[in-house]
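Overview (structure and organization)
Each chain is listed here by its residues.
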Amino acid sequence: QVQLVESGGGLVQAGGSLRLSCTVSGRTVMMAWFRQTPGKDFEFVASTTWSGAFINYGDFVKGRFTISSDNVKNTVYLQMDSLKPEDTAAYYCAAQPGVEGLKSPRQYDYWGQGTQVTVSS
C-alpha cells in the first residue's frame, strides 16, 4: 500500500520561501505536486521520477520552484521561492506507478492529505 505524507506548508510573506516535503512508503515511479484552491480543479505544479527524469513544471512556475527527490529518505521536495499571493493554495503530493500523463491529476493513483500554503501580500 502506497502512502504519502506531506509537510512544510504554512504562512509566508510575498517574496518569501517554503519547502514542502512528501515522504513516501511503497513503490512509485512518478511523483508530482498539484495545488488546488476552493472551487477550482487541481493545477499541475511539478513532476519528477525518483531518478530525476521527466522533470516538468507548470507554466506559472517560471523558474521560482524546484522539485527534487531523495531516494534514501524516500522523500520528494518542492522548494518554492519568490512566492506570490496567487500561490496561496492547498498543495498535494501525488504518485503513480508509471509515467502516464504527467500533468493530469487523473493519472495519479495515490495522494497525500495536502498541506496549506498561504502567501500574504
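Each value, and the rule that gives it
Residue numbering note: each chain is counted from 1, following its sequence as written. Per-residue local features are limited, in this predicted model, to residues with pLDDT of at least 70; the limit for side-chain atom pairs, both in listing and counting, is 80 or more; totals at the level of whole chains, interfaces and linings are taken over all residues. Values reported for side chains reflect all heavy atoms of the structure, with hydrogen atoms and water molecules removed beforehand. Between any two strands, pairing holds if DSSP finds at least two bridges. Strands here mean DSSP runs of E at least two residues long; helices mean DSSP runs of H or I at least four residues long; both are numbered from the N terminus. Helix axes use the C-alpha atoms of the stretch in contact, all axes being lines fitted to C-alpha atoms, and the angles between their N-to-C directions lie in the range 0 to 180 degrees. Pairs of cysteine sulfur atoms within 2.5 Å are identified as disulfides in what follows. Salt bridge criterion: a side-chain nitrogen from Lys or Arg within 4 Å of a carboxyl oxygen from Asp or Glu. Exposure categories follow from relative accessible area, calculated using a 1.4 Å probe and restricted to protein chains: below 20% of the type maximum is buried, above 50% is exposed, and the middle band is partly exposed.

Quick look at the sheet that holds strand β8 (residues 75-80) now. Taken in spatial order, the four strands make up an open sheet running β1-β3-β8-β7, and their pairing is antiparallel. The open sheet has two edge strands with one neighbour each: β1 (3-7) and β7 (65-70). The sheet shows a mean angle of 15° between the axes of neighbouring strands, taken without regard to direction. Here six bridges tie β7 to β8, and the two strands are oriented antiparallel to one another. Within β8, the position partnered with I67 by the bridge is L78.

A disulfide bridge is the covalent bond that connects two cysteines by way of their sulfur atoms. For the structure shown, the criterion picks out one disulfide. Sulfur-sulfur distance for the disulfide between C22 and C93 comes to 2.0 Å. Classification of the bridge connecting C22 and C93 rests on its S-S torsion, roughly -80°, and on that basis the disulfide is left-handed. In this pair, C22 is assigned in strand β3 (residues 18-25) and C93 in strand β9 (residues 89-96), connecting sequence segments 71 residues apart.

Bringing the pattern of salt bridges into the picture now. Under the definition given, this model contains three salt bridges. Among the salt bridges present, the one from E43 reaches R35, with a minimum N-O distance of 2.8 Å. A salt bridge links D87 to R64, with the shortest nitrogen-to-oxygen separation between them at 2.7 Å. Of this pair, D87 sits in the loop between β8 and β9 while R64 sits in the loop between β6 (56-57) and β7, placing them 23 residues apart in sequence. For D87, a relative accessible area of 1% puts it in the buried group. With a relative accessible area of 9%, R64 lands in the buried category. Connected through shared salt-bridge partners, R35, E43, R64 and D87 make up one network.

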